[in-house]
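Close look at the chain arrangement
Given next are the chains, with one letter for each unit.
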Amino acid sequence: MSVTGANRVSATVVIERAAFPQLLDALKTARYKLLGPKLVNGAIVYEELAGAGELPAGWAEDQMPGVYKLKRRIDEALFGYTVGPHSWKKFLHPAVAVLWQATKNAKGFDLAAPPIRAQKLALLGVRPCDLHAISILDTVLGRGPYKDPVWAALRKGVFVLAVNCVEPGGTCFCASMNTGPRASFGFDIALTEVVEAERHFFVATAGTERGSAMLEKTPHRPARPDELDRADQLLANAASKMGRKLDTTGLKELLYRNHEHPRWDNVAGRCLSCASCTMVCPTCFCTTVEDTTDVTGRHAARVRKWDSCFTLAFSFIHGGPIRASVRARYRHWLTHKFATWLDQFGTFGCVGCGRCITWCPAGIDVTEEIGAIRHTESAKSRKEAS
Amino acid sequence: MGGVTMPSGKKPKLAVWKFASCDGCQLTLLDCEDELLALAEAVEIAYFPEASRAVVKGPYDISLVEGSITTPHDAERIHAVRRMSKCLVTIGACATAGGIQALRNFKDVKEFVSVVYATPAYIEVLAKSTPIADHVFVDYELRGCPISKVQLIELLGALLCGRKPNIPTYSVCIECKRRGIVCLTVAKDMPCLGPVTQAGCGAVCPGLDRGCYGCFGPKETPNTNSMSTIWATLGVSRADLTRAFRGFNAYAEPFRRESTAHEQK
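Residues numbered from 1 in each chain as written. Chains lettered and ligands numbered in written order. Predicted model: local features only at pLDDT ≥ 70, side-chain atom pairs only at ≥ 80, totals over all residues. Heavy atoms only, no water.

Quick word on the overall build of chain A
Along chain A, the regular secondary structure elements total 13 helices and 16 strands. Its C-alpha atoms put chain A at 80 × 65 × 40 Å along the principal axes. Residue burial in chain A is summarised as follows: out of 386 residues, 54% are buried. Considering only contacts in chain A between residues 6 or more positions apart, those separated by 24 or more positions represent 72%. Charged side chains of chain A number 49 positive and 38 negative; the gap between the two group centres comes to 5 Å. (Helix = DSSP H or I, 4+ residues; strand = E, 2+ residues; numbered from the N terminus. Buried < 20%, exposed > 50% of the residue type's maximum accessible area, 1.4 Å probe, protein only. Contact = heavy atoms within 4.5 Å. Lys, Arg positive; Asp, Glu negative; His and termini not counted. Charge placed at Lys NZ, Arg CZ, Asp CG, Glu CD.)

Written out as structure tokens, the structure is:
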């Protein structure tokens, strides 16, 4: 995994809970738009925040295949939930973006591209899995000769406040994908939240100069060894509490060998091809463009929207869609995430955040589907060996 | 299929036809407040009894057809409309799927007639309420009960400049997710037909915390069987499953099949 930006880690410090709001205030003073977790209508979603007072203190959720339920925590942790329904993709790779607009004039037409951003963004509470997802999208959208201008404009100068994951959810498997639960790169500041009976504090590490500068503006002191141990212990526990596991050994080859596996028919029986998995996936980047004109014929626009490989139009070429069956569409998506992505971009396309499992109305679980394919194959080879 | 590009200076003639329906979809056209004047500029509203008694004779460049075919007379009339129309667009669940009145397709219509009307002999009615496309060739379909104003303007805008209209056939889920709406089924155990229903409404009901009623009808490749399995785990009875699929699009084939599968004999 490539590292985004310089990663100068200064000394690890402790911020007490009471002082924490000042960190967000410092970001606000530096004119960042604060985007972070907030309790909205039965879920913890990422939205614009006025300050630390809007963080979902004392809230968590249960996540299972096809199930998300908010619940109260016994403590007042600010980041005691796992991950939100929508990833940070919605801010950096917006669901709908007007690419250009044209207006007829006497000679021809005027072209204009709407401004992409008004304010620099601070992402608050980014989990390590989502840091990896942002890095993957940096590779897909932000590099090479054909950079995506929307991504480039929104991504530039984004301040990332990562929060290490001490509460993995029931559908999480970042430990299997090597993307968590500890942030290792791609942040300005990384926090570990520690809530004890008598104390509530954050162990903070700056990853950049900008991060250090923000820490400077927040009351803090050097971390004591026992505080560091406590944070390490929480993260070690988290790694062992993953709700899901995925064996990635030879995964690419496994999927390439099993293109005709009967499991694809089985999953197609349950899959709604509703595309929810791809919409909530923090790395699914596909879009379509719609060219529109108004009834006067004087105004035209090209609008880009999130698209999905689960739609028929996605693979439509002359004569019809290439992937007409749901079997073919599911197989294509899963194989891309866990096999062809490696050939294309050098990493898995999955970061183990578990969103596709939780937010699938049918509760289809990628780890279970892959597990089923691996299981039948190993059962077969055992049989052949005996 | 295609646009209605006109020789320069000539406005395309628009007609609006009504068959068995409630008029709600036609009203969507009048409801296009901001665009209505521009539309009246761009087309000649030649036949629209809901809005004006003035009638300009056919043929028409664009015909918007509302309603389903329920009588022998209408089954004839739709052919006359087709003959007069360069581009025929069906609007709404009645015209595209038979509408709520297609509930009678599951029963014996003669029985209804005998119960409802004082003199059943005067009633001439077909056994089934059927969509326009069962009778004549249809160029474009707009789904919904009622149709979406945005989609109507989009389609007319496309026809007027001869481009492809953007009328996606994928699920409501995609519109929900693009709007950032949290899934009601997953987060609130709420039965929702969004995963099997065609987009186009802009996820109106989920955006107001109500499950999708399926008024835009079945999406492309709908897995209604899996949808029913999910609803059953949410505690929905088989009788209620039948009712859920028997809404405005009851006679759309995937919904018809699914509702019938759960019917208690």
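Describing helix α13 (residues 366-385) of chain A
All names here are of chain A. End to end, α13 covers 29 Å across 20 residues, agreeing with the expected 28 Å (1.5 Å per residue, within 8%). All of the buried residues along α13 are Val366, Thr367, Glu369, Ile370, Ala372, Ile373 and Arg374. Of the surrounding elements, those touching the buried residues of α13 are α8 (251-257), α9 (263-270), α11 (326-345) and α12 (355-358). (Expected span 1.5 Å × (residues − 1).)

Points about the pattern of salt bridges
Residues and elements named next belong to chain A. With the rule as written, the count across this model stands at 40 salt bridges over all chains. Ionic pairing is found between Glu167 and Arg73, a salt bridge with its closest N-O pair at 3.3 Å. Of this pair, Glu167 sits in the loop between β9 (159-163) and α5 (174-177) while Arg73 is found in the loop between β5 (67-72) and α2 (89-92), placing the two residues 94 residues apart along the sequence. The exposure class of Glu167 is partly exposed, given its relative accessible area of 27%. Among the ionic pairs, Arg355 bridges to Asp130, the shortest N-O distance being 2.8 Å. With Arg355 in helix α12 and Asp130 in helix α3 (residues 128-142), this pair connects stretches of sequence that are 225 residues apart. The pair Arg355 / Asp130 is uniform in exposure class, with both members buried. What you see here is one network of salt bridges that share partners, running through Glu16, Arg199, Arg221, Arg224, Asp226 and Glu227. (Salt bridge = Lys/Arg side-chain N within 4 Å of Asp/Glu carboxyl O.)

What about the sheet that holds strand β6 (residues 96-104) of chain A?
In a beta sheet, neighbouring strands pair by backbone hydrogen bonds and run either parallel or antiparallel. Residues and elements named next belong to chain A. Across the sheet, four strands lie side by side as β7-β6-β14-β13; this open sheet has antiparallel pairing. Looking along the sheet, the strands with just one partner apiece sit at the ends: β7 (109-112) and β13 (287-293). Along the sheet, successive strands turn relative to each other by an average axial angle of 15°, direction set aside. Pairing between β6 and β7: four bridges, direction antiparallel. What sits directly across from Thr103, in β7, is Asp110. (Pairing = 2+ DSSP bridges. Axes fitted to C-alpha atoms, helices over the stretch in contact; angles between N-to-C directions.)

Describing the confidence of the model for chain A
Of the residues in chain A, 97% reach a pLDDT of 70 or more, and the chain-wide mean stands at 94. pLDDT under 50 marks residues 1-9 of chain A. Its contacts with residues more than four places away, or in other chains, come to 27 contacts. (pLDDT = per-residue confidence, 0-100.)

Some points on the confidence of the model for chain B
Of all residues in chain B, 98% have pLDDT values of 70 or greater, and the mean over the chain is 95. The ipTM for the predicted assembly is 0.94, set against a pTM of 0.95.

Looking at the packing of aromatic side chains
Given two aromatic rings, their pairing is described by the distance between the two centres and the angle made by the two planes. Residue and element names in this part refer to chain A. Counting across every chain of the model gives 20 aromatic pairs over all chains. Ring geometry for Phe338 versus Phe348: centroids 6.3 Å apart, planes at 55°, classification tilted. Of this pair, Phe338 sits in helix α11 while Phe348 sits in the loop between α11 and α12, placing them 10 residues apart in sequence. Accessibility classification places Phe338 together with Phe348 in one group, the buried group. Aromatic ring contacts, followed pair by pair, group Trp264, Phe310, Tyr330 and Trp333 into a single cluster. Taking NZ or CZ as reference, Lys120 lies 4.5 Å from the ring centre of Tyr32, over its face. Here the basic side chain of Arg199 rests over the ring of Phe201, its NZ or CZ set 4.0 Å away from the ring centre. (Phe/Tyr/Trp six-rings, centres within 6.5 Å; stacked < 30°, edge-to-face > 60°. Lys NZ or Arg CZ within 6 Å of the ring centre and 35° of its normal.)

Structural notes on the domain arrangement of chain A
In many reports, interface size means the accessible area that the parts give up when they come together. Residues and elements named next belong to chain A. Looking at chain A, the domain boundaries give domain 1 (13-97 + 108-240) and domain 2 (251-288 + 308-385). For domain 1 and domain 2, the distance between their C-alpha centroids amounts to 28 Å. Contacts between the two partners involve 29 residues from domain 1 and, on the opposite side, 27 residues from domain 2. Together, Ile136, Phe173 and Met177 form the three largest contributors to the area buried by domain 1 at its contact with domain 2, with a combined 25%. Here domain 1 and domain 2 share one salt bridge between them. In this assembly, domain 1 and domain 2 are joined by 15 residue pairs in polar contact (both at pLDDT 80 or more). Elements with a minimum of two residues in the side of domain 1 that touches domain 2: β4 (59-64), β5, α3 and α5. With nine residues, α3 is the single largest residue contributor to the side of domain 1 that touches domain 2. Its residues assigned to classes, the side of domain 1 that touches domain 2 comprises 17 nonpolar, 10 polar and two charged. (Domains from an automatic or database assignment. Buried area = accessible area lost by both parts, 1.4 Å probe. Polar contact = N/O pair within 3.5 Å; in protein donor to acceptor, adjacent residues only side chain to side chain. Nonpolar A, V, L, I, M, F, W, Y, C, P; charged D, E, K, R; others polar.)

Considering the domain arrangement of chain B
Residues and elements named next belong to chain B. Domains assigned within chain B are domain 1 (13-161) and domain 2 (172-261). For domain 1 versus domain 2, the separation of C-alpha centres amounts to 25 Å. Opposite the 16 residues of domain 1 that make contact, domain 2 presents 17 residues. Across the interface of domain 1 and domain 2, roughly 1300 Å² is buried in total on both sides, 63% from carbon and sulfur atoms. Where domain 1 touches domain 2, the interface holds zero salt bridges.

A closer look at the pairing of strand β10 (residues 189-195) of chain A
Residues and elements named next belong to chain A. Of all seven residues in β10, six are buried; the element is thus mostly enclosed. Here β9 pairs with β10 via three bridges, running parallel. Bridge assignment links Leu161 to a residue of β10, and that residue is Ile189. Following β10, the chain reverses through four residues before pairing antiparallel with strand β11 (residues 200-206).

Some remarks on the side chain of Thr278 of chain A
Residues and elements named next belong to chain A. With respect to the helices and strands, Thr278 occurs in helix α10 (residues 276-280). A residue is classified by how much of its surface remains accessible, and Thr278, at 3% relative accessible area, is buried. Looking at Thr278, its side chain comes within polar contact range of the side chain of Ser308, at 2.8 Å. Beyond its immediate chain neighbours, meaning those up to four positions away, Thr278 contacts Lys89, Cys284, Ser308, Cys309, Phe310 and Trp333.

Observations concerning unusual backbone geometry
Gly180 of chain A connects to Pro181 of chain A through a cis peptide bond whose omega is 5°. Mapped onto the secondary structure, Pro181 of chain A falls in the loop between α5 and β10. With an omega dihedral of 0°, the bond running from Cys145 of chain B to Pro146 of chain B counts as a cis peptide bond. Mapped onto the elements, Pro146 of chain B comes out in the loop between β5 (140-142) and α6 (149-161). Non-glycine residue Ser273 of chain A carries a positive phi angle of around 45°. Position of Ser273 of chain A relative to the elements: it lies in the loop between α9 and α10. A relative accessible area of 5% means that Ser273 of chain A is categorised as buried. Backbone geometry places Asp189 of chain B, a non-glycine residue, at a positive phi of 55°. Here Asp189 of chain B is to be found in the loop between α8 (184-188) and α9 (204-207).

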